[in-house]
Amino acid sequence: RGEQPPAPRPAWTTSRIKGSPVPPAPYRIALAFPRLKFDRPTSVEELPDGRLIVTEMSGKVFSFLNQTDASDPNLVLDLTAMLPAALAGRGVSLFDAEPHPKFNDNHFLFVCYVHPADGGHTRVSRFTLDGESPPRVVPHSEQVVITWPAGGHNGGCLEFAPDGCLFISTGDGAGPNPPDALTTGQDVSDLLGAVLRIDVDHASGNRPYTVPTDNPFVDVTNTRPEIWAYGLRNPWKFGIDPESGDTFAADNGWETWEMVHRIVRGGNCGWPVMEGRVSLRSEVKLGPTPILPPVKDHPHTEANSVIGGPVYRGQKLPGLVGSFVYGDYITGTIWAVQPDEDGSYSCTTLVDTDQRIVAFTQTRGGQLFVLDYDFTGQVYELLPSNEPDTSASFPRRLSETGLFASLKDLQPAAGVVAYDVIASRWLDGAAVRRWVAVPGASTIELANQGKAASYPEGTVFVNHLSFAPAGAGEPVPLETQLLHYERGSWRPYSYLWDESGHDAQLVEPIGAKRTLRLPDTSAKGGLVERTWHVNAVNECKACHNAESGYVLGFTPHQLNRGAPDSASSSQLKQLAGQRVLSESPTIAHDDPAQLVDPHDATAGLNDRARSYLHVNCAVCHKPGGNAIVSFYLRRDLPFDKLNTNKGSGIGTFGLQDGKIIVPGDPFRSLLLYRMSKLGYARMPYIGSRVVDCFGVSLIEEWIESLPGVPTSAPLSSDTAEAIALQVLTRHETGDDGRSVIGELLKSTAGALALAVELHRGAMADDDARMAVSLGAAATSSDVRGLFETFVPESQRRATLGPNVDVEVVLRRQGDHERGKLIYFSDAARCRACHELNDRGKSLGPTLAEINKKYPSRAELLVHVLRPSQKIDDPFAAYSVATGDGRLLSGLLVEQNDRQIVLKTVEKQTVTLARDDVEEIVRSEKSLMPEGILSDLTEQEAADLLEYVRSCTK
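Computed from a prediction, not measured in an experiment: that's the story for all the values here. (Residues numbered from 1 in each chain as written. Predicted model: local features only at pLDDT ≥ 70, side-chain atom pairs only at ≥ 80, totals over all residues. Heavy atoms only, no water.)

Got a sec to walk through the overall build of the protein chain? Specific residues and values, please.
Tallying secondary structure elements over the protein chain gives 17 helices and 42 strands in all. In terms of C-alpha radius of gyration, the protein chain reaches 31 Å, essentially the compact-globule figure of 30 Å for 953 residues. Expressed as lengths along the three principal axes of its C-alpha atoms, the size of the protein chain is roughly 95 × 70 × 55 Å. Looking at the 953 residues of the protein chain, the share that counts as buried comes to 54%. Accessible surface for the protein chain amounts to roughly 40900 Å². Of this, 49% is attributable to carbon and sulfur atoms. (Helix = DSSP H or I, 4+ residues; strand = E, 2+ residues; numbered from the N terminus. Rg over C-alpha atoms; globule rule 2.2 N^0.38 Å. Buried < 20%, exposed > 50% of the residue type's maximum accessible area, 1.4 Å probe, protein only. Areas by Shrake-Rupley, 256 points an atom, 1.4 Å probe, with all protein chains shown as cover.)

Written out as C-alpha cells, the structure is:
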C-alpha cells in the first residue's frame, strides 16, 4: 500500500503579528494600473479628456484611459523615429510633456527633450495631435519653441501657470563635478540654471513666443528676459499652485544638501554660491538679486535626489490641500511642504517607499499619481494609509507573537508548520529551524513556470537560530527572525533571546549585539567570548528585496526534499497535502536550478559547490543583481556563463594573476580568498562575521577539480611554497615548522593555502597554533586577514570594522608621514584606483580632484565610507553585455552610434562596436567598495586621511 497523505493543517488563528512596532506613515502608495509598465518613464500628465500620457526616456509618448484595468497603451509620439536619416541610431532623451491649457481647442502638446543634432541641445517643441481618442501626433507638426545647450544637468520640466504662461526649468548644463563647471548659476545672460517664463500663444519676430512684460529682467541689459528665477542646479520637476500660482521647485544639491525652493519673480536660489544654506563657491560673482534661502533643505542622510511634484488642490486628499508634494529618487521617501501662518514652512514625511521616484501629477479628480523610473516602471497612487497605529500592541516578546504554543521546547502553535530547505546558507555557525505560518486556511502559491509567487495576507516565515559548539551541551538560543507579509510589503523583524533562554525581545531597527561565553574547544579549555550580531533592518532588506523576490528559502528548488517520486514523501507534496501550498509544483529531474545539500557527501562535488555558492552568494551575484563586480553564481547557469575569468576591480590582494575563479588553481582565485578572510573585502559582507571552515574547504576542492590551465605555476608544482605545503600536509614539519609556515606566509597564495589547511583541521595542533600566531602577526593586511578568524575576538587587532563611527576618526589627529606609508603599503587600497595627479592612469578621480571636491575632513571621510551614496556621472560603473557572451564592467569613456569605449576595472580601455553590444546598464553602486577602511585602526584611518588631504596637486 502507498503512504497515506498528510492531514491538512488546522487553521492558524493565534497570530498577533499585525501592523508594525512603529507608528504607520500617514499615506501609502498603491499600484494604479497593474497591467501597465513602461520603459524608463520620465513624466506622467493628464489630458483634458481624462486620458493620461506617460513619456519614456527613449523618446516615446503613450496615452491610456485613467482606468484601473487599463492595458496596451497607445503610442502618441515617437521622437526617435522622427530623427533624420543622418542622426538615426543616436536617439533622444525625453524629459516631459505638457498639454496646452486649451488643448481641447488646439490639440497642442509641448515636449522637452535632448535632440542629437549639432552635438546635442535641449529643446522645447510644440506638436499638434490629431484630436482623436486615442490621440496621435500630426506628422511634421513639430515647431521648436526654445533651445539651450545640453549637458549633464538639463532640467526639462514644463508647467503652465494659471495665467497661461509656460514655465520651463533648465539645469546648469554640466555634470556633477566640479560644482557648476560652467559657472552659470548666477549668470542671467544665458538660459542655464533657471526657471523660464514665456507666452507661447503669441509670436514675436522670428521667435514662436513672446516674453511677458512683467518678467523681472525684461528691461535689464545683458540678460535673457525669459528668466523668471535663477541660481538653480538641476530642477528636474517643479509644481505650480493652480489657484495662487505659487511655484515650488525641488532642486538637486551637490554633496551635502537637497533643496526645495519657492520660485518667485527675480528670485535667486543661490547656486553655486550656496548649496542650500551653506556657502559653496564664494568666489562666484552674485547675480543681480539677493539670494533667497530654500524653504526646506534635506541633508544627504535623508535625501539624495529630490523630485518635485504638484501643489495639491484636490478633494481626495484633504490633508494635503495647499501642500507642495515631492519625493526622492534614491530613498523613495515622499514629503509635503506646507506654508505656516508666520510665513515659514513645515515639512511632513508622507511615506517611505521602495520606488525610484521620477515624477508626480495630480488629476482633475484629485488623484495624486507617483511614477517609478526603472524599479518597476509603473504608476502608483498616493492614498491615505488608513492603517491603524498598532505599535503599542505589536508583540515585543516572541512569546506574545502567537507563533509558538511553548517556547521551552519550541512547540509551534496549531497551524504553524515546520519545513526545511535543501541548502541552508552559512549562519556564522548557528543551527536553524524553520516554520511557515499562514493565517486561517489560506495557501501559498509558489512561483512556477514563469508565474510569480503569491502569499496570503499575514503570512510569516520563521527562522530560529541557536548555537551548540562541540561539547557545549544544550543549544543556546540566539535569535528568532521573522519575515512578515502585510499590505503588499515584507517586513523583517528579529527577536534576541535573553541569556536565560526563556524568551526573546524584539530588536530595534538598528540591530543589536549579544556577548556569548562559549567553551573553548582548543587545548586551552575554559571559556571564550564571542559577539553575536543581529542585523539591522536595512541589512535584512539588502537581501530580502523586490529584486530577489523577498522570500529566499521558501522556493520550489529549496523545498524539493525527500523522495520526489513518492506519493507523499516529497516535502513539496507534504506541504501541499497540509494545505500550506495550493499545489505541488512539478520540477523536472534534470532541472539545472535544482539544489543539493552541500554537506551531502554522496552528491557530486560540482553540485554541492554550486549549491553552496547559490544560497550564499547569488542573491547579489546574478544577472541584474546588486553587485559591484558583474559575475554570476546562480546554480542554473553553466560555468562558462558565470563571467568569473576576470579580476574583482578592487585589487588582487597579492595573488599573482588573480581572477575571480582560476580553474584548477584555488590559491589564485579571488572568490576563495575573499570568503576565507575577515575585514576589508570579506564576502559575504552582509550577514556574516565568521568564516565558514566547511565552505572554504568545499570551494577550494571544487576549484581545484575544475578543468583549465592556470595562468601561473600552481602550488602543486615544485615551487618553494608548494614544497612547504607538501611538508605541512604530511605532518612532517618537526623542528622546521616555523620555517615551513614562514615560507607559506611570504605570499598571499601561500598564506591562503595555509589558511585552508587550518579550516580543514588537517594540521597538527602545534603547527596550527604556530600558523595562527605567525599569520595573525603578519605585516601584510592581505595575509593577516586570513588568520583573524582563528583568533579570539578579545585578542584581535582593534580595527574600525564594518560600522565606522565617523566622529571617532575625526577626533584623532592624523600624521602626514605615517599616512603616506599606509597609502603606499598594502594596508590601503586607494592607490589601486586613484593616482596622485595622473588622470590618464587613474580609474577613479585623482587625489587632487578628490581634495578639490571634498575640502573638509568630514566630507572626505563620509564619501570614503559611503561611496555609493552619490556617484558622479564620469565615475558611474557600467556593465556591458556583448553578443559573444562577454560581460565587462568599468567606466564609460565614450558612447555613440558606432561604438562604446569602456575603461575596465583592470584599467584597460576596451572599444566595442555598437552592433556587438546587447545591453549596457548603469550600476547604482560605486566601483569603490564599501568598507575600504575596515582593516585600519582609528589612528591609521586618521593618518591616511591626513595624507590624502595633503595631495592638492
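I'd love a proper account of the pattern of salt bridges, names of residues and values included.
All chains considered together, the criterion is met by 26 salt bridges. As a salt-bridge pair, E46 and R364 come within 2.8 Å of each other at their nearest N and O atoms. In this pair, E46 sits in strand β2 (residues 41–46) while R364 sits in the loop between β25 (357–362) and β26 (368–372), placing the two residues 318 residues apart along the sequence. Residue E387 is joined to R491 by a salt bridge in which the shortest nitrogen-to-oxygen separation is 3.4 Å. Note that E387 is positioned in the loop between β27 (379–384) and β28 (404–406) and R491 in strand β34 (residues 489–497), a separation of 104 residues in sequence. Taking relative accessible area as the criterion, E387 reaches 18% and is therefore assigned buried. Given a relative accessible area of 17%, R491 falls into the buried group. Counted as one network, the salt bridges with shared partners bring together D163, R197 and D214. (Salt bridge = Lys/Arg side-chain N within 4 Å of Asp/Glu carboxyl O.)

Lay out the nonpolar core with the relevant residues and their values.
Counting residues in each nonpolar core, the largest one holds 60 residues, and the members touching the most others are V124, L320 and L382. Listed in part, the 46 residues of the second largest apolar core include L613, V691, A771 and L786. (Core = buried A, V, L, I, M, F, W, Y, C linked by side-chain atoms within 4.5 Å.)

Describe the sheet that holds strand β20 (residues 296–299), with residues and values.
Taken in spatial order, the four strands of this open sheet run β14-β15-β16-β20, and their pairing is antiparallel. Of all the strands in the sheet, the pair left with one neighbour each is β14 (237–240) and β20. Strand-to-strand, the axes of this sheet are offset by a mean angle of 15°, without reference to chain direction. (Pairing = 2+ DSSP bridges. Axes fitted to C-alpha atoms, helices over the stretch in contact; angles between N-to-C directions.)

Please give an account of the pairing of strand β38 (residues 877–882) that cites residues and values.
Across the six residues that make up β38, a large majority, six, are buried. Of the two faces of β38, the one holding A877, S879 and A881 and the one holding Y878, V880 and T882 are both buried throughout. For β38 and strand β42 (residues 917–922), the ladder comprises five bridges, and the chain directions are antiparallel. Pairing of A881 across the sheet is with E919, part of β42.

I'd like a rundown of helix α11 (residues 765–776), residues and numbers included.
Across its 12 residues, α11 extends 17 Å between first and last C-alpha, which sits within 8% of the 16 Å expected from 1.5 Å per residue. Listed as buried for α11 are D767, A768, A771, V772 and G775. In a view along the axis of α11, the buried residues occupy a sector of 135°, so they form one face of it. Exposed and facing more than 90 degrees away from the buried side of α11 are D765 and D766. (Expected span 1.5 Å × (residues − 1). Arc of directions from axis to C-beta.)

So what about the sheet that holds strand β3 (residues 52–56)? Which residues, and what values?
The sheet built from four strands is open, its strands ordered β2-β3-β4-β5 with antiparallel pairing. Since the sheet does not close on itself, it has two edges, and those belong to β2 and β5 (74–78), each with one partner. Neighbour-to-neighbour, the strand axes of this sheet turn through a mean angle of 20°, independent of strand direction. In the sheet, strand β4 (residues 60–64) pairs with β5 via four bridges, with the strands oriented antiparallel. Considered in β5, the bridge of F62 is made with L75.

Please give an account of the environment of G458 that cites residues and values.
By secondary structure assignment, the location of G458 is in the loop between β31 (431–437) and β32 (460–467). You can call G458 buried: its relative accessible area is 12%. Along the backbone, G458 and G440 are 18 residues apart, and their C-alpha atoms lie at a distance of 9.6 Å. Residues within four places of G458 in sequence aside, it is in contact with W12, A437, P439, H484 and Y485. (Contact = heavy atoms within 4.5 Å.)

Can you lay out the packing of aromatic side chains for me, pointing to particular residues and giving the numbers?
A full pass over the atoms with the stated rule returns 25 aromatic pairs. With a centroid separation of 5.0 Å and an interplanar angle of 50°, the aromatic rings of F461 and F554 are classed as tilted. In this pair, F461 is assigned in strand β32 and F554 in the loop between α2 (537–543) and α3 (556–559), connecting sequence segments 93 residues apart. We classify F461 as buried; its relative accessible area is 6%. Assessed through its relative accessible area of 1%, F554 is described here as buried. Plain terms: the ring middles of Y485 and W490 are 4.7 Å apart, the flat faces sit at 40° to each other, and that makes the pair tilted. For the pair formed by Y485 and W490, the shared burial category is buried. (Phe/Tyr/Trp six-rings, centres within 6.5 Å; stacked < 30°, edge-to-face > 60°.)

So what's going on with the environment of P216? Residues and values would help.
Along the chain, the position of P216 falls in the loop between β12 (194–198) and β13 (227–230). A relative accessible area of 16% means that P216 is categorised as buried. Once you skip the residues sitting within four places of it in the chain, P216 turns out to touch I227, W228, R265 and G266.

Tell me what's going on with the side chain of S391, and back it up with residues and numbers.
One can find S391 in the loop between β27 and β28. Residue classification places S391 among the buried positions, given a relative accessible area of 12%. If we skip the residues at most four places from it in the chain, S391 touches S20, P21, V22, P23 and R396.

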